[in-house]
Structure formats: structure tokens, C-alpha cells
Amino acid sequence: EEVNRLIQGFIDDRQNRVELTSHQARIMKETELQVDGNLFLVLFVHPVTGSLRVSSIPFEEIEDIITNPDNRKEAWFYKRSYTYEEFDLTTGQKTSKTATMYYRDWDYQDLDNVQMIGTAPVIADAAIYHIKVGGFSNWKFGVSEVYQSIDWAKAYTEFLSNFSSIVKALSRYAWKQKTA
């Protein structure tokens with residue numbers, strides 16, 4: 001009963017539904033995974049209730065994955081760099097700003113007390129769960145599932161172009177035969 005209540009609470013949470021647990025959200029995440037080859041889910045645990053909220057970071061904002069120097073398969077931190085717009089209510093102006101920060105890997109507990117890496121903060125109340133497809137286990141990032149079809153698409157485009165040329169030539173030949 002208690003486990004079911006926790007799971008249902010996670011599934012029914014409004015923000016989790018928008019990000020991950022609704023039918024539409026799951027379809028969109030599957031599409032993102034196929035196209036980008038990577039999903040970066042950010043896990044926020046409420047300090048008092050222990051409830052879990054999920055958000056995500058776009059693939060293009062993850063600049064690097066810092067791994068254990070002795071084991072490339074063990075992720076420690078994710079470096080996020082992005083540009084955002086800040087809106088000033090008094091002037092009505094937008095200003096572009098950049099930010100860089102690090103997130104801990106969800107399964108890495110040894111460096112919980114790290115607060116800064118260089119000049120960038122380490123986000124203490126969130127961790128990233130990285131899902132990747134289409135790559136080797138020791139690669140930092142996955143590869144799009146669409147990538148493998150690009151060569152086939154190019155070859156099929158060339159085939160269709162050649163076939164179209166043949167059909168045009170045959171139709172000209174057939175037309176000449178009719179008029180002669």
C-alpha cells in the first residue's frame with residue numbers, strides 16, 4: 001500500500017505529468033531520445049516529504065560529462081552551459097545572459113559536499129539521470145537512432161532520382177514512337 005501510494009503520487013504530480021508521466025510527455029521523450037540519442041532527466045527530491053519531481057535539460061545545454069579518471073563509464077558531474085533571457089518588468093526589455101553550472105550524477109554520492117567546480121556552482125538539490133542510446137558503453141554521449149538511417153536515405157534519394165530519369169527517358173521514347 002505504501003509503495004503504491006508513493007508511486008501514484010509520483011505519477012500524478014502535475015509537474016511530473018507535464019515532464020514525464022503523461023502519455024503525451026512519454027511520446028515526446030521517446031522522440032527526443034530517438035533524435036538526440038540522449039535524455040538528461042533532473043531529479044529533485046523534496047527535503048521534508050521525500051517526494052520526487054522530474055525535469056529535463058535539453059541535450060544541447062550539456063557541454064561535458066565529467067567521469068571517474070579510472071573508469072570512463074562512471075559519471076560524476078554534468079556541465080551545463082546555456083543562454084537565457086531575463087525580462088525587466090520596469091523597462092520591458094529582455095537581456096540575454098549565460099550561465100554555467102554542474103549537476104551531480106544521480107548514482108554518484110562520494111562528492112556530495114562539492115559546492116563549486118572552478119567558478120561554476122554545483123547544484124546541490126538536484127541530480128541527473130542520463131539515458132543514452134546508439135553508442136558504446138564507454139562513450140559519454142549517445143548517438144541519434146536517426147543517424148544510422150542517413151546513409152540509407154541518401155542512397156534511396158539517389159535511387160529515386162535515377163529511376164525518375166529512366167522513366168522520363170522511356171516516356172520520351174514512347175512519345176516518339178507514337179508520333180512517328
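So, a few notes on the structure that sits alongside this text. Values in this document were obtained by computation on a predicted structure and should not be read as measured data. (Residues numbered from 1 in each chain as written. Predicted model: local features only at pLDDT ≥ 70, side-chain atom pairs only at ≥ 80, totals over all residues. Heavy atoms only, no water.)

Focus on the pattern of salt bridges
As a reminder of what qualifies: Should a side-chain nitrogen of Lys or Arg be within 4 Å of a carboxyl oxygen of Asp or Glu, the pair is scored as a salt bridge. For the purposes of this entry, the term helix denotes a DSSP run of H or I that reaches at least four residues, the term strand denotes a run of E that reaches at least two, and both are numbered from the N terminus. For every residue, the accessible area (1.4 Å probe, protein chains only) is compared with the maximum for its type, and the residue is labelled buried under 20%, exposed over 50%, or partly exposed between those bounds.
Considering all chains together, one arrives at 9 salt bridges under this definition. Residue R5 pairs with E2 through a salt bridge whose shortest N-O separation is 2.6 Å. Placement of both R5 and E2 in helix α1 (residues 2-12) is noted, with a separation of 3 residues, approximately one turn of the helix. Given a relative accessible area of 52%, R5 falls into the exposed group. For E2, a relative accessible area of 47% gives the class partly exposed. A salt bridge links E61 to R80; the shortest N-O distance between them is 2.7 Å. Note that E61 is positioned in the loop between β2 (52-57) and β3 (62-68) and R80 in strand β4 (residues 71-87), a separation of 19 residues in sequence.

Side note on the environment of I57
Under the convention used in this document: The criterion used for residue contact is that any of the two residues' heavy atoms lie within 4.5 Å.
Along the chain, I57 turns up in strand β2. What makes I57 buried here is its relative accessible area of 5%. Through-space distance from the C-alpha of I57 to that of L43 is 11 Å; in sequence the pair is 14 residues apart. Leaving out residues up to four positions away in the same chain, I57 has contacts with F40, V42, I62, R80, Y103 and I128.

What to know about the pairing of β4
Note the threshold: Whether two strands pair depends on DSSP finding at least two bridges between them.
With 6 bridges connecting them, β3 and β4 associate as antiparallel partners. Residue pairing for β4: I66 is matched across the bridge by F77. In this antiparallel pair of consecutive strands, β3 and β4, the connection spans 2 residues. Looking at chain direction, β4 and strand β5 (residues 94-105) are connected through 11 bridges and run antiparallel.

Regarding the side chain of S81
Note the threshold: The definition of a polar contact used here is a pair of N or O atoms within 3.5 Å, where within protein one atom must be able to donate a hydrogen and the other to accept one, and adjacent residues in sequence count solely through side-chain atom pairs.
Its place among the elements puts S81 in strand β4. Given a relative accessible area of 18%, S81 falls into the buried group. Looking at S81, its side chain comes within polar contact range of the side chain of E63, at 3.0 Å. For S81, the side chain forms a polar contact with the side chain of T100, separated by 3.2 Å. Excluding its chain neighbours within four sequence positions, the residues that come into contact with S81 are E61, E63, A99 and T100.

Quick look at a nonpolar patch on the surface
The cut-off we apply is this: Residues enter a patch when their relative accessible area is above 30% and they make no salt bridge; the linking distance is 9 Å between like charges and 5 Å between nonpolar side chains (Val, Leu, Ile, Met, Phe, Trp, Tyr). Accessible surface area values rest on a Shrake-Rupley calculation with a 1.4 Å probe, where residue burial reflects the displayed protein chains alone.
Taken together, the side chains of Y156, F159, L160, F163 and V167 present a nonpolar region at the surface, about 500 Å² in accessible area. A relative accessible area of 40% means that L160 is categorised as partly exposed.

Here we look at the packing of α1 against helix α2 (residues 14-21)
Condition: Angles here are taken between N-to-C directions and fall from 0 to 180 degrees, while the axes themselves are lines fitted to C-alpha atoms, restricted in helices to the stretch in contact. For this classification, under 35 degrees means roughly parallel, over 145 means roughly antiparallel, 65 to 115 means roughly perpendicular, and everything else is oblique. When residues are grouped by polarity, Ala, Val, Leu, Ile, Met, Phe, Trp, Tyr, Cys and Pro land in nonpolar, Asp, Glu, Lys and Arg in charged, and all others, Gly among them, in polar.
With their axes 6 Å apart at the nearest point, α1 and α2 run at an angle of 75° to one another. The angle between α1 and α2 places the two elements in the roughly perpendicular class. Note on element contacts: α2 touches α1 through R14, N16, R17, L20 and T21, opposite F10, I11 and D12. In terms of residue class, the contact of α1 with α2 is made up of 3 nonpolar, 2 polar and 3 charged.

Remarks on the nonpolar core
As a reminder, the rule being used: The nonpolar core is taken to be a set of buried Ala, Val, Leu, Ile, Met, Phe, Trp, Tyr and Cys residues, with the residues joined through side-chain atoms within 4.5 Å.
Within the largest apolar cluster, 13 residues are counted, with the highest numbers of intra-cluster contacts made by F40, I57, I62, Y78, Y103 and I128. Those elements that provide at least two residues to this core are β1 (38-45), β3, β4, β5 and β7 (120-132). When residues no more than four places from it in sequence are discounted, the contact partners of Y103 are V42, I57, W76, F77, Y78, R80, I123, A126 and I128. Residues W76, F77, Y102 and A120 belong to the second largest nonpolar core, which totals 6 residues.

So far we have only geometry, and geometry alone does not tell us how the molecule works.
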